[in-house]
Amino acid sequence: EPDRGKLWRARTWLHGPGIVVGVCLSEATAASFLASLPLILVGLLWRTWALGHVRKDCELCTTGPYSLVRHPLYLGNIVVLVGLLILANSLLLACIVVPIAAVYYAMVIMQEECWLRWRFADDWPEYCAQVPCIIPRLHRPSGEFSLSLAIANQAHLNWVLVGLVMALLMLKPWILRAFQDLSQ
């Protein structure tokens, strides 16, 4: 069995340092919040839609967003990330995060595709030939969304985590003021 790779296994924990750096470099405003909200919501809804179709590691999912793109969860992550960068309102942060995220997702997708090719050897070649990797094709998706499956796949945790990051970015000025008041 091919290894999915260290990046894939560490993907959840890699968010922590990025969030800390993001909050430190952020200059969020009400305007950046309003500009970011549509992208963040679209990314979270897209991820939730994907999680309501996929039975991870059991079968090759080809319905819902998986009929449009092979890696809808990563696409949702990228859309949320762009939204969070707009919210953070920091060109320096964007210049740091965008190249790192591009390399990270390219490597993770490459490793995951090797694993998927091995795991679903019979179905993968045809699916791969018909469905693009990360840029969705436009057509009517098939299959029915399952809220219970999305919940079993912990879609709600995405909403909570992103909500907490948004709150930290927006509350940073008040948090800093509170610490300054405590130190005086």
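Residues numbered from 1 in each chain as written. Predicted model: local features only at pLDDT ≥ 70, side-chain atom pairs only at ≥ 80, totals over all residues. Heavy atoms only, no water.

Owing to its 3.6 residues per turn, the α-helix brings residues three or four apart onto one side. Between its terminal C-alpha atoms helix α3 (residues 30-51) stretches 31 Å, which fits the 32 Å expected from 22 residues at 1.5 Å a residue. The axis of α3 is deflected most strongly, by about 35°, at S36, and proline P38 appears within four residues downstream. For α3, the complete set of buried residues consists of S32, S36, I40, G43, L44, W46, R47, T48, A50 and L51. Looking at the buried positions of α3, the neighbouring elements they touch are α4 (72-88), α7 (147-152) and α8 (155-183). (Helix = DSSP H or I, 4+ residues; strand = E, 2+ residues; numbered from the N terminus. Expected span 1.5 Å × (residues − 1). Bend = angle between axes of the 7 residues up to and from the residue. Buried < 20%, exposed > 50% of the residue type's maximum accessible area, 1.4 Å probe, protein only. Contact = heavy atoms within 4.5 Å.)

Mapped onto the elements of the fold, N153 is located in the loop between α7 and α8. Engagement of the side chain of N153 in a polar contact is seen with the backbone oxygen of V54, the distance being 2.8 Å. Residues within four places of N153 in sequence aside, it is in contact with L51, V54 and K56. (Polar contact = N/O pair within 3.5 Å; in protein donor to acceptor, adjacent residues only side chain to side chain.)

What follows concerns the confidence of the model for the chain. Mean pLDDT over the chain stands at 92; residues scoring 70 or higher make up 96%. Mean pLDDT values for the elements of the chain range from 70 in helix α1 (residues 6-10) up to 98 in α3. (pLDDT = per-residue confidence, 0-100.)

This part takes up the packing of α3 against α4. Two elements in contact, α3 and α4, have axes whose closest approach is 8 Å; the angle formed by their N-to-C orientations is 165°. Looking at the two axes, α3 sits roughly antiparallel to α4. Here α3 runs over α4; the crossing is left-handed. In terms of residue class, the contact of α3 with α4 is made up of 18 nonpolar, six polar and one charged. (Axes fitted to C-alpha atoms, helices over the stretch in contact; angles between N-to-C directions. Parallel < 35°, antiparallel > 145°, perpendicular 65-115°, else oblique. Left-handed = near helix turned anticlockwise from the far one by under 90°. Nonpolar A, V, L, I, M, F, W, Y, C, P; charged D, E, K, R; others polar.)

The next point concerns the environment of H139. Its location among the elements puts H139 in the loop between α6 (124-130) and α7. In this structure the C-alpha to C-alpha distance between H139 and S26, which are 113 residues apart in sequence, comes to 38 Å. In this structure, H139 is in contact with S67 and L68, ignoring residues within four places of it in sequence. Of note is the side chain of H139, whose polar atom sits 2.9 Å from the backbone oxygen of S67. A polar contact is formed between the side chain of H139 and the side chain of R137, at a distance of 3.2 Å.

Moving on, we come to the pattern of salt bridges. As enumerated under the stated definition, the model contains one salt bridge in all. For the salt bridge of R70 with E113, the shortest nitrogen-to-oxygen distance reads 2.8 Å. Of the two residues, R70 sits in the loop between α3 and α4 while E113 sits in helix α5 (residues 91-119), which places them 43 residues apart along the sequence. Of the two residues, R70 and E113, neither departs from the other in class, the shared state being buried. (Salt bridge = Lys/Arg side-chain N within 4 Å of Asp/Glu carboxyl O.)

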